[in-house]
Amino acid sequence: MTRIGRSDMDMRDLDDLFAEARERAAPAPPALLARVLEDAYAGQVVPAPAPAPRRWRMFGWLAGLIPAGGAALSGLAVSALAGLWIGFAAPTPFDASLGRVSEALWSAAPLENVELIPSLDGWAAEG
Amino acid sequence: MPLDDLSHLPDADLLARYAAGDRGAARTLTLRFTPKVLGYAGRLLGDRAEAEDIAQEAMLRLWRIAPDWRAGEAQVATWLYRVVTNLVTDRLRARRRRPAAELDAVAEPADGAPGVLAGLIARDRMAALDAALAQLPERQRQAVVLRHLEGLANPEIAAIMEIGVEAVESLTARGKRALAALLSGQRAELGYQDEEAGP
């Protein structure tokens, strides 16, 4: 094909011009990007932090009563109540078993006759 | 790739993240779309400052619609191009309603459009293209810019301009012919060299 001496633009020239224009597209100025981003942040709803998981539902009301450190104090209350319960519910033969061991250790009987491990019968009878 | 790099995510996913408060998504969307809408508005308006206003306004509308965006109903880019098209149309109408005194302040072309073009063409091909684009009818200019400078497919242009695909084809064809006519006789000044004669 011969294109010598043409002065008019044809469609192929236009396509070349378009391609050049696409390649030379000017970047967005930083000041504009900053304004756009500022608008974006201003219109954005920042999500609220997720609530902490509640470990002790029974004593959650304690945490609600105390503004700071409520969770720790409710845990402490649970521990205290558990200790109290263990104290009241201790099996009665416990002391008696200890007494028998102590007596055996201080008696004059030969050591091979001393029963260091008390029988479990007393425990089983407690129920 | 950094953990917070969201540039690989689709537009709709980024918009959903933005609506949920993700600032990284806001940054990625800003960098992805602001240059596009600015370039498109600039080609239609021929005025950089006005184009920046339009770009900022279009992006602002994107932020506002984000919580109500329905993924799958429209492409984010298509929606933005349509917003820019409408904003520019309004801006051009306002220009036409300017008082005569303001219009008088605009410098008159010395020898009509071809003479103005000749001066620009000698200096810068891109300026010549912009000047020629500015002389196209508004709808032809929109179609040509979207097709040949933004590189969109005809169906997408049809969605943006809210017309049929055949109408888009007609507008782009007529627009290209008009551009060729506006730049006629300026081929050498545009820097195009004649090819060697073939065998």
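Residues numbered from 1 in each chain as written. Chains lettered and ligands numbered in written order. Predicted model: local features only at pLDDT ≥ 70, side-chain atom pairs only at ≥ 80, totals over all residues. Heavy atoms only, no water.

**Re the overall build of chain B**
What chain B contains, in helices and strands, is ten helices and zero strands. When the helices and strands of chain B are placed in sequence order, the string is α-α-α-α-α-α-α-α-α-α. Here chain B holds 199 residues, and 42% of them are scored as buried. Total accessible area computed for chain B in this model is approximately 10200 Å², and 51% of it derives from carbon and sulfur atoms. (Helix = DSSP H or I, 4+ residues; strand = E, 2+ residues; numbered from the N terminus. Buried < 20%, exposed > 50% of the residue type's maximum accessible area, 1.4 Å probe, protein only. Areas by Shrake-Rupley, 256 points an atom, 1.4 Å probe, with all protein chains shown as cover.)

**Let's talk about the interface of chain A and chain B**
With 37 residues of chain A at the contact, the number on the chain B side is 43 residues. In total, about 3700 Å² of surface goes out of reach between chain A and chain B, with carbon and sulfur atoms giving 60% of it. Counting the surface chain A buries against chain B, the share from its top three residues, Met 9, Phe 18 and Gln 44 of chain A, is 16%. Across the contact surface, chain A and chain B share three salt bridges. The partner of Glu 20 of chain A in a salt bridge is Arg 125 of chain B, with the nearest N and O atoms 2.9 Å apart. Within the residue set of the side of chain A that touches chain B, elements represented by two or more residues are helix H1 (11–23) and helix H2 (30–42) of chain A. Counting residues per element, the side of chain A that touches chain B draws most heavily on H1 of chain A, which supplies eleven residues. (Contact = heavy atoms within 4.5 Å. Buried area = accessible area lost by both parts, 1.4 Å probe. Salt bridge = Lys/Arg side-chain N within 4 Å of Asp/Glu carboxyl O.)

**Focus: the confidence of the model for chain B**
Detailed reading of the predicted coordinates is not advisable wherever pLDDT is low. Residue and element names in this part refer to chain B. Chain-level pLDDT for chain B is 84 on average; 80% of the residues reach the 70-or-more range. This model gives residues 101–112 a pLDDT under 50, and the stretch forms two contacts once residues within four places in sequence are excluded. Scoring the predicted complex yields pTM 0.66 and, for the interface, ipTM 0.81. (pLDDT = per-residue confidence, 0-100.)

**Observations concerning the pattern of salt bridges**
For the structure on display, the rule yields twelve salt bridges over all chains. Taking the shortest distance from any N to any O, the salt bridge between Asp 11 of chain B and Arg 32 of chain B comes out at 2.5 Å. Of this pair, Asp 11 of chain B sits in helix H1 (residues 11–19) while Arg 32 of chain B sits in helix H2 (residues 23–45), and the two are 21 residues apart along the sequence. The network of salt bridges with common partners includes Glu 20 and Arg 24 of chain A together with Arg 125 of chain B.

**Looking at the layout of surface pockets**
Its boundaries defined by the atoms lining it, the largest pocket holds a volume of some 460 Å³. Forming the boundary of the largest pocket are 20 residues, of which Arg 24, Ala 25 and Ala 26 of chain A together with Gly 39 and Arg 43 of chain B lie nearest the centre. Only H1 of chain A together with H2 and helix H7 (125–134) of chain B provide two or more residues apiece to the lining of the largest pocket. Ranked by residues supplied to the lining of the largest pocket, first place goes to H2 of chain B with six residues. Of the residues assigned to the lining of the largest pocket, the class counts are seven nonpolar, four polar and nine charged. If you add up the space inside the second largest pocket, you get close to 400 Å³. If you trace the second largest pocket, you find 15 residues lining it, with Leu 44, Leu 45, Gly 46, Arg 95 and Ala 134 of chain B closest to the centre. Only H2, helix H4 (76–96), H7 and helix H8 (138–149) of chain B provide two or more residues apiece to the lining of the second largest pocket. Its residues assigned to classes, the lining of the second largest pocket comprises seven nonpolar, two polar and six charged. (1 Å grid on protein atoms, 1.4 Å probe; cavity = no way out; pocket = protein on both sides within 12 Å on 5 of 7 lines; lining within 4 Å. Points joined across faces, edges and corners; volume = space filled by probe spheres on them. Nonpolar A, V, L, I, M, F, W, Y, C, P; charged D, E, K, R; others polar.)

**Overview of helix H10 (residues 165–182) of chain B**
Three- or four-residue spacings in an α-helix give side chains the same orientation, since the helix completes a turn every 3.6 residues. Given a rise of 1.5 Å per residue, 18 residues ought to cover 26 Å, and the 26 Å separating the end C-alpha atoms of H10 of chain B matches this to within 8%. All of the buried residues in H10 of chain B are Val 168, Leu 171, Thr 172, Gly 175, Lys 176, Leu 179 and Ala 180 of chain B. Along the axis of H10 of chain B, the buried residues cluster in a sector spanning 165°; they form a single face. Facing away from the buried surface of H10 of chain B by more than 90 degrees, the exposed residues are Glu 166 and Arg 177 of chain B. On its buried side, H10 of chain B packs onto H1 of chain A together with H7, H8 and helix H9 (154–161) of chain B. (Expected span 1.5 Å × (residues − 1). Arc of directions from axis to C-beta.)

**Overview of the side chain of Arg 141 of chain B**
Residues and elements named next belong to chain B. Its place among the elements puts Arg 141 in helix H8. In this structure, Arg 141 is buried with no salt-bridge partner, the nearest side chain bearing the opposite charge being Glu 138 at 5.4 Å. Ignoring sequence-local partners within four residues, the contact set of Arg 141 consists of Arg 43, Leu 44, Leu 92, Leu 133, Ala 134 and Leu 136. (Lys, Arg positive; Asp, Glu negative; His and termini not counted.)

**Some words on H2 of chain B**
Residues and elements named next belong to chain B. Its 23 residues place the ends of H2 31 Å apart at the C-alpha level, agreeing with the 33 Å of an ideal helix rising 1.5 Å per residue. Taken as a whole, H2 carries its principal kink of about 30° at Phe 33; the proline Pro 35 stands between one and four residues after it. In this structure Asp 22 caps H2, since a side-chain oxygen of it lies 2.8 Å from the backbone nitrogen of Gly 24. Gly 46 occupies a position one or two residues after H2 and carries a positive phi of about 70°. (Bend = angle between axes of the 7 residues up to and from the residue. Polar contact = N/O pair within 3.5 Å; in protein donor to acceptor, adjacent residues only side chain to side chain.)

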